[in-house]
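Coordinates in review
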Amino acid sequence: MKILSIQSAVAYGHVGNSAAVFPLQRIGVEVIPVNTVNFSNHTGYGAWRGPLISPEQVGEVITGVEERGAFPQIDVVLSGYQGGVGIGDVIVDAVQRVKAANPDALYACDPVMGNAKSGCFVAPEIPDLLRDRVVPNADIITPNQFELGFLTGTEPASLESTLASVELARAMGPSVVLVTSVERPDRDPETIEMLVVDDAGRWIVQTPLLPFKANGSGDVTAALFAAHYGETRDAKLALERTASSVFDLVELTYRSGQRELQLVEAQDCYANPRMQFTATAV
């Protein structure tokens, strides 16, 4: 399997491509990373150094990959955090060219905007760009509950309202929607859930809620789910594999006392997921 991953990159820590590439490699995926920023660290620290890479330069790198004859072999195009406005058009253009070369290829978009606790943390223009231009071209999207609400103009909270919002998102274009953090009010407060819907059905998986927020865990989730779904076209299995791996990664990081994901230390969690969580139909 081969994935073209167009995302941010950091030198210190693990977000964007710096979070996604290694887990994908450990499950046997050949990754072609194209970086949209080259920062010293993620912006959650409040200070960082390094450049945004211009849309023109990102496009040049993608064209160079195309010139090497790689596009017919790409199974999934993956995108995450978009640092600048023009990157969205570059990604959509790349998706269209990859699909022209390989009609079976999928586009998995992680519509990174923010979360319920911190609000939006991207440039003001990015949410509208994602909703209006990028998401309609995606086959898979992996929003959290907050991002799902923005995309659909709704306020998903209960399972029923979240499912309704998912169907509105699917009507925009994507056939597969993975909601990466479902926090319905009637759940056990010590748990958190992920929900996936595709044409074959709807499944939810519940895991313990750790008292810890790890930057980059969403990037790992989106990457692993895209790869597992792209390989199997089985949303339930892809959800179970992803939940197993990501929970063990976050738990290991929490127990380490470190702020950054312990991505290397947790590598067996991706290569050999324990499959300790079972998704149920809803």
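**Some points on the overall build of the protein chain**
Per the secondary structure count, the protein chain includes nine helices and 11 strands. Here the C-alpha radius of gyration of the protein chain, 17 Å, is about what a compact globule of 282 residues would show, namely 19 Å. In terms of its C-alpha atoms, the protein chain occupies a principal-axis envelope of roughly 50 × 40 × 35 Å. Within the protein chain, the fraction of its 282 residues that count as buried is 54%. Taking contacts inside the protein chain between residues at least 6 apart in sequence as the whole, the part at least 24 apart equals 67%. Between the centroid of the 20 positive side chains of the protein chain and the centroid of its 34 negative side chains there is a distance of 3 Å.

**Remarks on the environment of alanine 171**
Checked against the element boundaries, alanine 171 lands in helix H6 (residues 159-171). Accessibility expressed as a relative area gives 67% for alanine 171, which makes it exposed. Sequence spacing of alanine 171 and arginine 259 is 88 residues, and the spatial spacing of their C-alpha atoms is 38 Å.

**Some remarks on helix H2 (residues 55-67)**
The first and last C-alpha atoms of H2 sit 18 Å apart over 13 residues, in line with the 18 Å expected at 1.5 Å per residue. Regarding H2, the residues found buried are Val58, Gly59, Ile62 and Val65. End-on, the buried residues of H2 take up no more than an arc of 115°, which puts them together on one face. Of the exposed residues in H2, the ones pointing more than 90 degrees away from its buried face are Glu56, Glu60 and Glu67. Tucked inside the fold, the buried residues of H2 contact strand E1 (2-10), strand E2 (30-39) and helix H3 (87-101). Just beyond H2, the residue with positive phi is glycine 69, at close to 85°.

**A few points about the nonpolar core**
Nonpolar side chains in soluble globular proteins tend to end up buried together. Of all hydrophobic cores here, the largest spans 42 residues; its most connected members are Val196, Val220, Phe225, Tyr229 and Leu239. The dominant element in this core, judged by the number of residues it contributes, is helix H8 (residues 235-256), at eight residues. Look past the residues within four positions of phenylalanine 225 in its chain and what remains in contact with it is Ile140, Thr142, Val176, Leu178, Val196, Gly230, Ala235, Ala238, Leu239 and Thr242. Counting residues in each nonpolar core, the second largest holds 41 residues, with Leu4, Val34, Ile74 and Met113 among its members.

**Concerning the packing of helix H1 (residues 17-26) against helix H7 (residues 217-232)**
Remark: H1 packs on H7, axes separated minimally by 8 Å, with the N-to-C direction vectors making an angle of 40°. Regarding H1 and H7, the two cross each other, and that crossing is right-handed. Contacts between H1 and H7 involve Ala19, Ala20, Pro23 and Leu24 from the former and Asp219, Val220, Ala223, Leu224 and Ala227 from the latter. The residue makeup of the contact of H1 with H7, split by class, is eight nonpolar, no polar and one charged.

**Section: the pattern of salt bridges**
Per the counting criterion, the structure on display carries 14 salt bridges. A salt bridge links glutamate 167 to arginine 170, with the shortest nitrogen-to-oxygen separation between them at 3.2 Å. Here arginine 170 and glutamate 167 lie together in helix H6, a separation of three residues that amounts to about one turn. On the basis of relative accessibility, which here comes to 33%, the residue glutamate 167 falls in the partly exposed class. It is possible to trace a salt-bridge network through shared partners that takes in Glu66, Asp93 and Arg97.

**Quick notes on the environment of valine 220**
Among the secondary structure elements, valine 220 is positioned in helix H7. The exposure class assigned to valine 220 is buried, which follows from its relative accessible area of 1%. Considering only alpha carbons, one finds valine 220 and threonine 242, 22 residues apart in sequence, at a separation of 8.7 Å. Leave out the neighbours within four places in its chain, and valine 220 touches Ala19, Pro23, Val246, Leu249, Leu261 and Leu263.

**Description of unusual backbone geometry**
In this model, arginine 233 sits at a positive phi of 55°, which is unusual for a non-glycine residue. Mapped onto the elements, arginine 233 comes out in the loop between H7 and H8. In the Ramachandran plot, methionine 275 falls in the positive-phi region, its phi being about 55° despite a non-glycine side chain. Turning to its location among the elements, methionine 275 is positioned in the loop between helix H9 (267-271) and strand E11 (280-281).

**Some points on the packing of H3 against helix H4 (residues 126-134)**
To describe two helices that pack against each other, one gives the angle between their axes and the distance between the axes. Interaxial distance between H3 and H4 falls to 10 Å at its minimum, and their mutual angle equals 25°. Compared by their axis directions, H3 and H4 come out roughly parallel. Here H3 runs over H4; the crossing is right-handed. For the pair H3 and H4, the contacting residues are Gly88, Asp89 and Val92 in the first and Leu129, Arg133 and Val134 in the second.

Definitions and limits used
- Residues numbered from 1 in each chain as written.
- Predicted model: local features only at pLDDT ≥ 70, side-chain atom pairs only at ≥ 80, totals over all residues.
- Heavy atoms only, no water.
- Helix = DSSP H or I, 4+ residues; strand = E, 2+ residues; numbered from the N terminus.
- Rg over C-alpha atoms; globule rule 2.2 N^0.38 Å.
- Buried < 20%, exposed > 50% of the residue type's maximum accessible area, 1.4 Å probe, protein only.
- Contact = heavy atoms within 4.5 Å.
- Lys, Arg positive; Asp, Glu negative; His and termini not counted.
- Charge placed at Lys NZ, Arg CZ, Asp CG, Glu CD.
- Expected span 1.5 Å × (residues − 1).
- Arc of directions from axis to C-beta.
- Core = buried A, V, L, I, M, F, W, Y, C linked by side-chain atoms within 4.5 Å.
- Axes fitted to C-alpha atoms, helices over the stretch in contact; angles between N-to-C directions.
- Left-handed = near helix turned anticlockwise from the far one by under 90°.
- Nonpolar A, V, L, I, M, F, W, Y, C, P; charged D, E, K, R; others polar.
- Salt bridge = Lys/Arg side-chain N within 4 Å of Asp/Glu carboxyl O.
- Parallel < 35°, antiparallel > 145°, perpendicular 65-115°, else oblique.

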